[in-house]
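# Coordinate analysis (summary)
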There are 2 protein chains.
Amino acid sequence: MQDIAFPEAGPTLWAPHELTLRGPASGNPFLDVTLSATFTRGTRSIEVPGFYDGEGIYRIRFLPDQQGPWQCRTTSNAPGLDGLAATLDVGPAKPGDHGPVRVADTFDFRYADGTRYLNIGTTAYAWNHQGDALEEETLATLAEAPFTKIRMCVFPKHYRYNQNEPPHYPFALIKQGSSTWPGKVEDAGWEFDLDRPNPAYFQHLEKRIRQLGDIGVEADLILLHPYDRWGFSRMSAEQDDRYLRYIVARLAAFPNVWWSMANEYDFMENKSLADWDRMIGVVADADPFGHLLSIHNAFPLYDWTDKRLTHVSIQRPETEHSLLWRERFGKPVSVDECCYEGDIAEQWGNISGRDLVHKFWLGVVNGGHVTHGETYYNDAEILWWAKGGKLIGDSVARIAFLREILEAAPDAALEPMLDNRNHRIMKYGADNVTGPEMSKPAKGEEDWPKIRFPYPIAHVPGEYYLAYFGQRQPREVVVPTPPDQFYSAAVLDTWDMTETPVAERVTRGDLLFIQPKPNLALVLRRVEG
Amino acid sequence: MQDIAFPEAGPTLWAPHELTLRGPASGNPFLDVTLSATFTRGTRSIEVPGFYDGEGIYRIRFLPDQQGPWQCRTTSNAPGLDGLAATLDVGPAKPGDHGPVRVADTFDFRYADGTRYLNIGTTAYAWNHQGDALEEETLATLAEAPFTKIRMCVFPKHYRYNQNEPPHYPFALIKQGSSTWPGKVEDAGWEFDLDRPNPAYFQHLEKRIRQLGDIGVEADLILLHPYDRWGFSRMSAEQDDRYLRYIVARLAAFPNVWWSMANEYDFMENKSLADWDRMIGVVADADPFGHLLSIHNAFPLYDWTDKRLTHVSIQRPETEHSLLWRERFGKPVSVDECCYEGDIAEQWGNISGRDLVHKFWLGVVNGGHVTHGETYYNDAEILWWAKGGKLIGDSVARIAFLREILEAAPDAALEPMLDNRNHRIMKYGADNVTGPEMSKPAKGEEDWPKIRFPYPIAHVPGEYYLAYFGQRQPREVVVPTPPDQFYSAAVLDTWDMTETPVAERVTRGDLLFIQPKPNLALVLRRVEG
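Because the structure is a prediction, the values reported are computed rather than measured. (Residues numbered from 1 in each chain as written. Chains lettered and ligands numbered in written order. Predicted model: local features only at pLDDT ≥ 70, side-chain atom pairs only at ≥ 80, totals over all residues. Heavy atoms only, no water.)

## A word on the overall build of chain A
Looking only at helices and strands, one finds eleven helices and 28 strands in chain A. For 529 residues, the compact-globule estimate of 2.2 N^0.38 gives 24 Å, and the C-alpha radius of gyration of chain A, at 25 Å, lies within 12% of that figure. If one aligns the C-alpha atoms of chain A with their principal axes, the spans along those axes are about 80 × 55 × 40 Å. The buried share of chain A, taken over its 529 residues, is 61%. Summarising the internal contacts of chain A: among those between residues at least 6 apart in sequence, 69% fall at separations of at least 24. Only carbon and sulfur atoms are counted for the fraction: they give 51% of the accessible area of chain A, which is about 19600 Å². A gap of 3 Å separates the mean positions of the 53 positive and 74 negative side-chain charges of chain A. (Helix = DSSP H or I, 4+ residues; strand = E, 2+ residues; numbered from the N terminus. Rg over C-alpha atoms; globule rule 2.2 N^0.38 Å. Buried < 20%, exposed > 50% of the residue type's maximum accessible area, 1.4 Å probe, protein only. Contact = heavy atoms within 4.5 Å. Areas by Shrake-Rupley, 256 points an atom, 1.4 Å probe, with all protein chains shown as cover. Lys, Arg positive; Asp, Glu negative; His and termini not counted. Charge placed at Lys NZ, Arg CZ, Asp CG, Glu CD.)

Here it is in structure tokens:
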């Protein structure tokens, strides 16, 4: 049994390790040959699926989550692939290898090794189907951008501003169809052998995912989507499941992969909720390494309480409702589409940079995570949100400023402080919240309204308070920290990207005076004494 | 019987006409003497209450709504005031006299004579309790401002930034109390003879209302309010009713008076819903001239379906929900507090000018009417919203621009166009609107999504379309007019106050290209052909 290290020799913690095997190439190995391996360390045992990579090559990819010796033994219906054994001595993680991102503190994320991860996503659904020149430009842009995640599709995309054919197809092409838009999938005339994945297609995808990993970007990989002229959105249940198992087998060892079952699942007309339920099970069962797993809606929310889903990947413009979705679903909330900065006709793609930055801050101080997208039109129809390329919008620099602020915060989950009144208004709608209920302080808020601070705050209790005033421009605010603790106070201009100290040492109830302006934030950091 | 014309000799249509009578001055004429008059013209008969104005003077004020001869006959328990008769020959209206504002076209307003009235309000609750210098400054400011209505209180105001004593009190003073804030009404130590209105106080109020009328401003008169240290918010039911009858008798002949039962009725702790119901009846019954009548909430909405209420006077920040409140209450919607432009600590008083202008436009294109207020702090604590004075905010000039646009529109009610999808989202919340329901066109919208125009539009069907893009900045939009009609198209920059033509002759389905920017509006005006 041959043992090839990936990306370089010697298995190390949190790095994918690849076993390459030679096996049958005749018939349809994708269908005919089963292959997996069991990796054992002490009493722990992990079943890892293998996959066929074409030309008689089979691979099994392992992502070690513990150092030390692991025993590996293969199982296959092909005699030459069955019962092979090897030992891997997993060394310490290389610098920069932190493992997959996991849920931490119920509503937040961290890398598997405990390192802080800030979920600041962007969107370029089809960047990986644009050919090398543009794809490399996208990578160069990302390397300079503040984003730690990109939402991207496995399959090519057919949509307005997305007419070009991809360089490769994910399955063996039988018959070329048309590239017109708008058009119906079933009329476009494409035919593929959906039982024969195209290894070159997936190798290309892997290369791009690896390159994202190199620049610290997670790939939130959209497994299915409705923007289709080729038929990949209309495969049979059996074909869907087989495809899902195949891609999980190929990609689960990549630490920076997240599974997004679908973009806009409700726009996929021939998938039912039962289909999604089944397919979520397929991915969750097939993945040996427990990657983040979610599904993304267009209109109706998905029931993200499903225990197999790790987080909420919601589309809604009201990022401030993160507070409510946290409660409702009990998971981290990633607002993965809240409208994109841009100028296209489509309403989801024409908010201003200022408005998107506002939505980012609202999301963060309400305990959510927000994803960026950019849709400025140009004659080449290279819009970042779909094809990548360059970022020209106003929001990116401000999102970088927000990231700096968050990186300088204590290394702990930022929890939203619940201001009872605002919280209830948001939750029930003010029309349904009666007068007395509104105006009485909740337990523990007995000094309200003296310490009335009607702005959303995220905090690390007793350490750090980050408030955002949004459209409000108060000239004075009351310090909302606990009493008998002292804090420095600074005003952040979220648009001009400045931090201005306003007080060196204040405590609960002290008044702060601020130069009024929209889109300011306030940061209170604990000081001695 | 003496007959004194007011404001000058000779009764004319839509001008108050005052009968002045001498009667008993001993005892308490406010309580002891009843007085009214019946005005008859042909088969019509109107019962008009009189009132005691101090020093043996009684007055009956009549607002003629028809030209020609009216017979008047008094009724009183004072023999010298009973059974007096006179004839008034009402001449044609003087220029500028249009009568009271009435509801028109279900959701809109017009003067009684049919002249267009645009309800563009402002707020200066206590401007009429500030002494002559400041009050005259306020009037001078209003004369230059775009506002056609001012919300103002009969009683003086006790609140933050409102510590000064008024020059007069509405009732006879028995014992001076304290002026401290915050404080409880019952602890402030004031005592008044609530059975003895102070005529000088009400004469002053009348003078100010008349001056407002001279500059085309309606007085939306707040009859009761909770911001009180003198006890006027805690009168007995009998005293409340007597006060209401008194003020209606005094003021109902002023054409520019609206009755606002309360500001923030739900903050008046010792008034129940039954009290409000009763008091609405008192005002509606006492008013011979059918003035506009509403009540204003703080948090819980009032049930404005009450048939005696003429319109909705709501406090809510979401002016775009005017569309829903119209439907719910079946009446004109005046969003009389949607947050004020300013910089004070209070959340209702610190939005930016840009945000307030945005709320104005959202209200208008969604079929509502929006009221302005300004709360920039200054050391003299003369904040426009309470005391009047000068306006310094950014929104006023933009509201004037909006007024110009509306004045140049056809003289007809602007009706919101219902985009089914957005309407349902707003109505039910997107979480409750399912996928298929969302994506299917409604009847009559079969060419949706081709003619998808996801922005609110107010229109005069077949004549005029006014859309507002708000935070959206589309580079292209589809003309949403009916087919086979042609329109000119111009872009309005609601902030920079410019109008830029974009097309001379377009029809449904044509594409318009716009220089993307937030806060633009689009106006389509019918052209020949």
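## A look at the packing of helix α4 (residues 237–251) of chain A against helix α5 (residues 273–286) of chain A
Two quantities define a packed helix pair, namely the angle between the helix axes and the distance between the axes. Residue and element names in this part refer to chain A. Packing of α4 against α5 brings their axes to within 9 Å, and their N-to-C directions diverge by 25°. When the axes of α4 and α5 are compared, the pair comes out roughly parallel. In this structure, α4 crosses over α5, and the sense of that crossing is right-handed. Contacts from Ala 237, Asp 240, Asp 241, Leu 244, Arg 245 and Val 248 in α4 reach Arg 278, Met 279, Val 282, Val 283 and Ala 286 in α5. (Axes fitted to C-alpha atoms, helices over the stretch in contact; angles between N-to-C directions. Parallel < 35°, antiparallel > 145°, perpendicular 65-115°, else oblique. Left-handed = near helix turned anticlockwise from the far one by under 90°.)

## Let's talk about the UniProt feature "domain: DUF5060" (unreviewed entry) in chain A
Here, the residues flagged by UniProt with the feature "domain: DUF5060" (unreviewed entry) are residues 14–77 of chain A. The annotated region residues 14–77 of chain A carries 6% helix and 58% strand content, and the separation between its end C-alpha atoms amounts to 30 Å. (UniProt positions renumbered as here; feature names shortened; annotations may be inferred.)

## Comments concerning the sheet that holds strand β14 (residues 218–224) of chain B
Residue and element names in this part refer to chain B. Strands sit in the order β10-β11-β14-β15-β16 across an open sheet of five strands; the sheet is parallel. Both outer strands of the open sheet, β10 (121–123) and β16 (293–294), are each paired with one neighbouring strand and no more. Packing of helix α4 (residues 237–251) onto the sheet brings it into contact with β14 and β15 (257–262), and relative to β14 it is tilted by some 165°. (Pairing = 2+ DSSP bridges.)

## Digging into the confidence of the model for chain A
Residue and element names in this part refer to chain A. When pLDDT is averaged along chain A, the result is 92, and 91% of the positions lie at 70 or above. Below a pLDDT of 50 lies the segment residues 430–442, which in the model reaches 24 contacts outside its immediate sequence neighbourhood of four places, other chains included. Counted against residues more than four places away or in other chains, residues 445–451, with its pLDDT under 50, gives 15 contacts. For this predicted complex, the interface confidence reaches an ipTM of 0.86, while the overall pTM sits at 0.91. (pLDDT = per-residue confidence, 0-100.)

## Side note on the sheet that holds strand β22 (residues 415–417) of chain B
Residue and element names in this part refer to chain B. In spatial order, the strands read β22-β23-β24-β29-β26-β27; together these six strands make up an open sheet with antiparallel pairing. One side of each edge strand has no neighbouring strand; the edge strands of this open sheet are β22 and β27 (498–506). Averaged over all neighbouring strand pairs, the angle between strand axes comes to 25°, with direction disregarded.

## As for α4(A)
Residues and elements named next belong to chain A. The end-to-end C-alpha distance of α4, which contains 15 residues, comes to 21 Å, matching closely the 21 Å that a straight helix rising 1.5 Å per residue would cover. By the criterion of burial, α4 is predominantly enclosed, with eleven of the 15 residues buried. Those residues of α4 lying buried are Gln 239, Asp 240, Asp 241, Tyr 243, Leu 244, Tyr 246, Ile 247, Val 248, Ala 249, Arg 250 and Leu 251. (Expected span 1.5 Å × (residues − 1).)

## What to know about the side chain of His129(A)
All names here are of chain A. Tracing the chain through its elements places His 129 in the loop between β9 (121–123) and α2 (132–144). A residue is classified by how much of its surface remains accessible, and His 129, at 5% relative accessible area, is buried. Those residues in contact with His 129 that lie beyond four places of it in its chain are Glu 135, Cys 153, Val 154, Phe 155, Pro 156, Asn 164, Glu 165, Pro 166, Pro 167 and Tyr 201.

## Examining the pattern of salt bridges
One pass over the structure, following the stated rule, counts 70 salt bridges over all chains. Notably, a salt bridge pairs Glu476(A) with Arg475(A), separated by 3.7 Å at the nearest N-O pair. Accessibility assignment for this pair places Glu476(A) and Arg475(A) in one class, buried. Put simply, Lys390(B) and Glu137(B) hold a salt bridge, and the shortest N to O gap is 2.4 Å. You can see Lys390(B) sitting in the loop between α8 (384–387) and α9 (395–407) and its partner Glu137(B) sitting in helix α2 (residues 132–144), a full 253 residues away along the chain. Lys390(B) gets classed as exposed once you look at its relative accessible area, which sits at 56%. (Salt bridge = Lys/Arg side-chain N within 4 Å of Asp/Glu carboxyl O.)

## Considerations on the environment of Asp510(B)
Assignment of secondary structure puts Asp510(B) in the loop between β27 and β28 (511–513). As for Asp510(B) and Thr481(B), which are separated by 29 residues in sequence, their C-alpha atoms are 9.6 Å apart.

## Brief notes about the domain arrangement of chain A
All names here are of chain A. Segmenting chain A into domains produces domain 1 (17–90), domain 2 (101–407) and domain 3 (415–527). Of the residues lining the interface, 24 residues belong to domain 2; the matching set on domain 3 comes to 24 residues. The junction of domain 2 with domain 3 conceals about 2100 Å² of combined surface from both sides, 69% of it contributed by carbon and sulfur atoms. At the surface where domain 2 touches domain 3, the tally comes to one salt bridge. Across the pair Arg 326 and Glu 415 runs a salt bridge whose closest N-O atoms are separated by 3.0 Å. One can count four residue pairs in polar contact (both at pLDDT 80 or more) joining domain 2 with domain 3. Those elements that provide at least two residues to the side of domain 2 that touches domain 3 are α6 (322–329), α7 (353–365) and α9 (395–407). Of the residues belonging to the side of domain 2 that touches domain 3, the class tally is twelve nonpolar, five polar and seven charged. (Domains from an automatic or database assignment. Buried area = accessible area lost by both parts, 1.4 Å probe. Polar contact = N/O pair within 3.5 Å; in protein donor to acceptor, adjacent residues only side chain to side chain. Nonpolar A, V, L, I, M, F, W, Y, C, P; charged D, E, K, R; others polar.)

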